[in-house]
Amino acid sequence: MYTFSSKLKTFSIILMAVGILGIGYGFLSAPKDIQEVEKILAADAHGSHGAAHEATAGASHKEAGHHEAAEASHESHEGGEHAKVSVADEHEKHLEHVLHQLQNKPWSALYVACIFFLLLSMGTLAFYAIQQVAQAGWSPVLFRVMQGITAYLPVGSVIFFIILILCGLHFNHIFVWLDKGITDPTSANYDEIIAGKAGYLNFYFWIIRAAIFLIGWNLYRYQSRKNCLAQDDAKDDLYYKKNFKLTAGFLVFFIVSESIMSWDWIMSIDPHWFSTLFGWYVFASFFVSGITTIALVTVYLKSKGYLEYVNTSHIHDLAKFMFGISVFWTYLWFSQFMLIWYANIPEEVTYFITRIQLYNLPFFGAVVMNFVFPLLILINTDFKRLSWVIVMAGIVILLGHYVDFFNMIMPGTVGDKWFIGIPEIASILFFLGLFIFVVFTALTKAPLLAKRNPFIEESKHFHY
């Protein structure tokens, strides 16, 4: 049986404590009204962030335009007073928009970290399910590691669902289609495109879908683990067969729910834009993250003297999946980007223009971290058997896919006001600490070997 070391437990608690402090700081330091925003923009204009704002052609350009328009209105002979009122209204709307962006920043940082760790555990569950249905002979010695990682799923689901409810209660402006009056033709906030999608994008239908998906994933996770543990003491393969049938049905549910989830929780942040590849793209991102986490936890446990039957061939196969799915992610990234960029349809290409202009470094940096680095490091067969290489590659891949989720979510919520600062780092630390605490606590609850799995002997003696 695995014992959760006091050092690792203390480390995870420290991460959570530091994370909570940083998250709290992010919320407390966010501007409360447009007067504070005006001071921030004035400070930016005096040089603190002026150069960056000019380069992005963002909010400070608009503000400069407002001042020029105000000067022009003083010189106008006709309709001067009306122009002044118009410019004042425009300026106030701009300040309110920036206020929403800056208030979104701590919420968005929390949201990105929360969904990343939630889907990371979901990627592990999907990989585990695929191994079950494929009746893979190499992987059963890793099943308990996978089940330990998926123990985070219930905890992550509860936190994430609470955040979704808070979005619906207008605690933030992450999802613009939830704003008041957005579908009301008489409202100043009316958006015709969003109104046309109101049958699907409305809070009650959206939150019900979220509940169904999260409950469905967690029920499978619970029942599958229960069957797997029962199989340890069984005298036949009844529980294994039950798991096989259960998993086959779950994978059908998963592939449908995963696609809809990606539209609901990520793509709808930019509700004017859509991509038919998006579900697969999001899947590839969290799937490779889940496999990478399995590899990292396995290497850690092996280094502590556990998992006696796990050998370099098992590590090699995990590294092959890390490499292969990284290439698959890149194929989807390029396919989505190239087709939309080449077609150059305004309502589609604006998604990438925003990211290239405002998020140039993280946008292309994600490709380096998620494709170029794994390609160069993991293409070598011998490197796939070295623990230090797996750890190095794994850390870069996980950071790269966090950046990928950052790129998917932040442009639609904070615009050009992005920065990886205290709220973002603190959110990562909190969820990382919580993840470590939950996962390694779960690993202490059962033996690390699924001893009565029909393929366990093949897995014990697996060599490549």
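About the cut-offs
- Residues numbered from 1 in each chain as written.
- Predicted model: local features only at pLDDT ≥ 70, side-chain atom pairs only at ≥ 80, totals over all residues.
- Heavy atoms only, no water.
- Helix = DSSP H or I, 4+ residues; strand = E, 2+ residues; numbered from the N terminus.
- Contact = heavy atoms within 4.5 Å.
- Areas by Shrake-Rupley, 256 points an atom, 1.4 Å probe, with all protein chains shown as cover.
- Lys, Arg positive; Asp, Glu negative; His and termini not counted.
- Charge placed at Lys NZ, Arg CZ, Asp CG, Glu CD.
- Phe/Tyr/Trp six-rings, centres within 6.5 Å; stacked < 30°, edge-to-face > 60°.
- Lys NZ or Arg CZ within 6 Å of the ring centre and 35° of its normal.
- Expected span 1.5 Å × (residues − 1).
- Buried < 20%, exposed > 50% of the residue type's maximum accessible area, 1.4 Å probe, protein only.
- Patch = residues over 30% accessible without salt bridge, like charges linked within 9 Å, V, L, I, M, F, W, Y side chains within 5 Å.
- Salt bridge = Lys/Arg side-chain N within 4 Å of Asp/Glu carboxyl O.
- Core = buried A, V, L, I, M, F, W, Y, C linked by side-chain atoms within 4.5 Å.
- Axes fitted to C-alpha atoms, helices over the stretch in contact; angles between N-to-C directions.
- pLDDT = per-residue confidence, 0-100.
- Left-handed = near helix turned anticlockwise from the far one by under 90°.
- Polar contact = N/O pair within 3.5 Å; in protein donor to acceptor, adjacent residues only side chain to side chain.

- Looking at an unreviewed UniProt entry, one finds the protein named Quinol:cytochrome C oxidoreductase, with Flavobacterium circumlabens as its source organism.

**Some thoughts on the overall build of the protein**
Okay, step 1: Helix and strand counts for the protein come out as 17 helices and 0 strands.
Okay, step 2: Expressed along its principal axes, the backbone C-alpha trace of the protein runs to roughly 95 × 45 × 45 Å.
Okay, step 3: Looking at the protein alone, contacts between residues at least 24 apart form 81% of all its contacts between residues at least 6 apart.
Okay, step 4: Working note: accessible area of the protein is about 21000 Å², and carbon and sulfur atoms make up 66% of it.
Okay, step 5: Computed over 30 positive and 36 negative side-chain charges, the inter-centroid distance for the protein is 21 Å.

**Considering the packing of aromatic side chains**
Okay, step 1: In the structure shown here, the tally under the stated rule is 55 aromatic pairs.
Okay, step 2: Each residue in the set Phe127, Trp138, Tyr220, Phe250, Phe254, Trp280, Phe283, Phe286, Phe287, Phe321 and Phe462 is aromatic and connected to the rest through ring pairs, giving one cluster.
Okay, step 3: We note Arg209 situated over the ring of Phe205; from NZ or CZ to the ring centre the distance is 4.3 Å.
Okay, step 4: Above the face of the Tyr351 ring, Arg355 is positioned so that its terminal group lies 3.5 Å from the ring centre.

**Concerning helix α1 (residues 6-29)**
Okay, step 1: Here α1 contains 24 residues, and its C-alpha end-to-end distance of 34 Å stays within 8% of the 34 Å for a straight helix at 1.5 Å per residue.
Okay, step 2: Looking only at α1, the buried set comprises Leu8, Ser12, Leu15, Met16, Gly19, Gly22, Ile23 and Gly26.

**Some words on a nonpolar patch on the surface**
Okay, step 1: Taken together, Phe334, Met338, Leu339 and Tyr342 make up a surface patch of nonpolar side chains, about 480 Å² in accessible area.
Okay, step 2: Phe334 sits in the partly exposed class, given a relative accessible area of 44%.

**Structural notes on the nonpolar core**
In a soluble, globular protein the nonpolar side chains are often hidden away together inside.
Okay, step 1: Tyr111, Trp217, Trp265, Leu378, Phe405 and Phe440 are the most contacted members of the largest nonpolar core, which has 132 residues in total.
Okay, step 2: No other element matches helix α5 (residues 80-134), which puts 19 residues into this core.
Okay, step 3: Filtering out sequence-adjacent residues up to four positions away, Tyr111 remains in contact with Phe160, Ile163, Leu164, Ile174, Phe175, Trp265, Ile269 and Ile409.
Okay, step 4: Grouped together as the second largest cluster of nonpolar side chains are 6 residues, Leu41, Leu95, Val98 and Leu99 included.

**What about the packing of helix α7 (residues 152-168) against helix α16 (residues 422-443)?**
Okay, step 1: Running from amino to carboxyl end, α7 crosses α16 at an angle of 145 degrees, the nearest separation of the two axes being 9 Å. Along the contact surface, α7 presents Tyr152, Val155 and Ile159, while α16 presents Phe431, Leu434, Phe435, Val438 and Val439.

**Points about the pattern of salt bridges**
Okay, step 1: Taken as a whole and assessed by the stated rule, the structure comprises 8 salt bridges.
Okay, step 2: The salt bridge involving Asp317 is made with Lys320; its shortest N-O contact spans 3.4 Å. Pair noted here: Asp317 and Lys320 are both in helix α12 (residues 312-343), with a separation of 3 residues, about one helical turn.
Okay, step 3: Residue Glu457 is joined to Lys460 by a salt bridge in which the shortest nitrogen-to-oxygen separation is 3.2 Å. Taken together, the residues Glu457 and Lys460, both in helix α17 (residues 456-460) and 3 residues apart, mark about one turn of the helix.

**A word on the confidence of the model for the protein**
Okay, step 1: Per-residue confidence for the protein averages 90 on the pLDDT scale, and 92% of its residues sit at or above 70.
Okay, step 2: The low-confidence segment residues 48-76, where pLDDT is below 50, has 32 contacts with residues more than four positions distant or belonging to other chains.

**Considering helix α6 (residues 143-150)**
Okay, step 1: The buried fraction of α6 amounts to 8 of the 8 residues, a majority that puts the element mostly inside the structure.
Okay, step 2: Among the residues of α6, Phe143, Arg144, Val145, Met146, Gln147, Gly148, Ile149 and Thr150 are the ones counted as buried.

**Section: the environment of Ile194**
Okay, step 1: Relative to the elements of secondary structure, Ile194 occurs in helix α8 (residues 192-196).
Okay, step 2: A relative accessible area of 2% means that Ile194 is categorised as buried.
Okay, step 3: Linking Ile194 and Glu308, residues 114 residues apart in sequence, is a C-alpha distance of 56 Å.
Okay, step 4: Setting aside its immediate chain neighbours within four residues, Ile194 contacts Val176, Trp177, Ile182, Thr183, Pro271 and His272.

**A short note on the side chain of Gln336**
Okay, step 1: Its location among the elements puts Gln336 in helix α12.
Okay, step 2: Note on Gln336: relative accessible area 5%, which makes it buried.

**Topic: the packing of α6 against helix α11 (residues 278-303)**
Helix packing for two helices is described by the angle between their axes and how far apart those axes are.
Okay, step 1: At a minimum axis separation of 10 Å, α6 and α11 run at an interaxial angle of 115 degrees. Between α6 and α11 lies a crossing of right-handed hand. Two secondary-structure elements touch here, α6 through Val145, Met146 and Ile149 and α11 through Thr293, Ile294, Val297, Thr298 and Leu301.

**Describing the environment of Ala210**
Okay, step 1: Assignment of secondary structure puts Ala210 in helix α9 (residues 203-232).
Okay, step 2: Expressed as a C-alpha distance, the spacing of Ala210 and Phe160, which sit 50 residues apart in the sequence, is 9.7 Å.
Okay, step 3: Those residues within four positions of Ala210 in sequence are excluded, and the remaining contacts are Phe161, Leu164 and Trp265.

**Some remarks on a negative patch on the surface**
Okay, step 1: Together, Asp89, Glu90, Glu92 and Glu96 make up a region of like negative charge exposed at the surface.
Okay, step 2: Along the chain, Asp89 turns up in helix α5.

**A word on the side chain of Asp191**
Okay, step 1: Its place among the elements puts Asp191 in the loop between α7 and α8.
Okay, step 2: Although Asp191 lies buried, it forms no salt bridge, and the closest oppositely charged side chain, Lys197, sits 8.3 Å away as judged by the N-O distance.
Okay, step 3: In terms of polar contacts, Asp191 uses its side chain to reach the side chain of His272, at 2.7 Å.
Okay, step 4: Contacts of Asp191, omitting those with residues within four sequence positions, involve Ile182 and His272.

**Structural notes on unusual backbone geometry**
Okay, step 1: With phi around 65 degrees, His170 is a residue other than glycine that occupies positive phi space.
Okay, step 2: Counting through the fold element by element, His170 comes out in the loop between α7 and α8.
Okay, step 3: Given the relative accessible area of 35%, His170 is considered partly exposed.
Okay, step 4: The backbone phi angle of Asn344 is positive, close to 60 degrees, even though this residue is not glycine.
Okay, step 5: With respect to the helices, strands and loops of the structure, Asn344 is situated in the loop between α12 and α13 (346-358).

**Observations concerning the environment of Leu277**
Okay, step 1: Within the element layout of this structure, Leu277 appears in the loop between α10 (238-265) and α11.
Okay, step 2: Note: C-alpha distance between Leu277 and Met16 (261 residues apart in sequence) is 35 Å.
Okay, step 3: Setting aside its immediate chain neighbours within four residues, Leu277 contacts Leu332, Ser335 and Gln336.

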